[in-house]
Amino acid sequence: MDSRDPWEIYFLKLAQTVSSRATCTRLKVGSVIVKDKTVVATGYNGSPSGSPHCLESGCLVENNSCQRTIHAELNAISQAAKHGNAINNATIYVTHEPCFNCLKHIITCGIKEIYYSEVYGSTNVEDKLKKLGINDFYYTIAEINNNKFYVIKLFHG
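Residues numbered from 1 in each chain as written. Predicted model: local features only at pLDDT ≥ 70, side-chain atom pairs only at ≥ 80, totals over all residues. Heavy atoms only, no water.

A. Main features of the packing of helix 3 (residues 72–82) against helix 4 (residues 100–108). Axis separation between helix 3 and helix 4 bottoms out at 9 Å; the angle between their running directions is 25 degrees. Between helix 3 and helix 4, the angle is such that the two are roughly parallel. As helix 3 runs across helix 4, the sense of the crossing is left-handed. The segment helix 3 lies against helix 4, with E73, L74 and I77 engaging N101, C102, H105 and I106. (Axes fitted to C-alpha atoms, helices over the stretch in contact; angles between N-to-C directions. Helix = DSSP H or I, 4+ residues; strand = E, 2+ residues; numbered from the N terminus. Parallel < 35°, antiparallel > 145°, perpendicular 65-115°, else oblique. Left-handed = near helix turned anticlockwise from the far one by under 90°. Contact = heavy atoms within 4.5 Å.)

Listed below in structure tokens is the structure:
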């Protein structure tokens with residue numbers, strides 16, 4: 001067997017690298033959307049294009065959440081749309097568990113698999129899916145080469 005990382009680890013590490021571009025001072029998150037083992041979009045949490053970043057202007061916190069920052073998953077989805085890249089049936093790799101809002105967008109745009117490395121938030125992803133009425137999914141914790149990660153496979157429409 002060769003020493004290259006399996007695809008899951010490769011793309012999760014790529015998401016980690018993408019997170020280094022994040023301009024959020026609270027948490028650096030990166031995401032990579034992949035289709036047929038090809039990267040179609042990346043995203044990190046930061047301000048809308050052309051607007052001041054939290055690093056420059058400070059966070060715009062309301063209800064314990066920064067309103068200036070666009071989450072990494074939504075930035076990747078937006079980049080795919082901006083460049084005309086279809087992401088239906090794609091996979092998203094994220095450094096952290098998607099929040100409730102990002103999960104809704106991931107489902108709506110037809111992404112079928114979610115991989116993430118870090119648990120984040122007070123509500124686990126299974127409960128988030130069930131609150132959305134999504135009951136047809138597969139969820140597991142996996143480990144490859146001492147790299148632990150979480151996998152969600154969605155079987156919705």
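B. Geometry of the packing of aromatic side chains. Across all of its chains, the model carries seven aromatic pairs by this definition. Between the aromatic rings of F11 and Y93, the centroid separation amounts to 5.2 Å while the plane-to-plane angle is 35 degrees, which identifies the pairing as tilted. Of this pair, F11 sits in helix 1 (residues 7–19) while Y93 sits in strand 5 (residues 91–96), placing them 82 residues apart in sequence. A single burial state applies to F11 and to Y93, both of which are buried. On the basis of an interplanar angle of 35 degrees and a centroid distance of 5.9 Å, the ring pair of Y115 and F149 is categorised as tilted. With Y115 in strand 6 (residues 113–118) and F149 in strand 8 (residues 147–154), the pair connects residues that are 34 residues apart, well separated along the chain. A residue is classified by how much of its surface remains accessible, and Y115, at 6% relative accessible area, is buried. The exposure class assigned to F149 is buried, which follows from its relative accessible area of 2%. An aromatic cluster is built from W7, Y10, F11, Y93, Y115 and F149, whose rings are joined through pairwise contacts. (Phe/Tyr/Trp six-rings, centres within 6.5 Å; stacked < 30°, edge-to-face > 60°. Buried < 20%, exposed > 50% of the residue type's maximum accessible area, 1.4 Å probe, protein only.)

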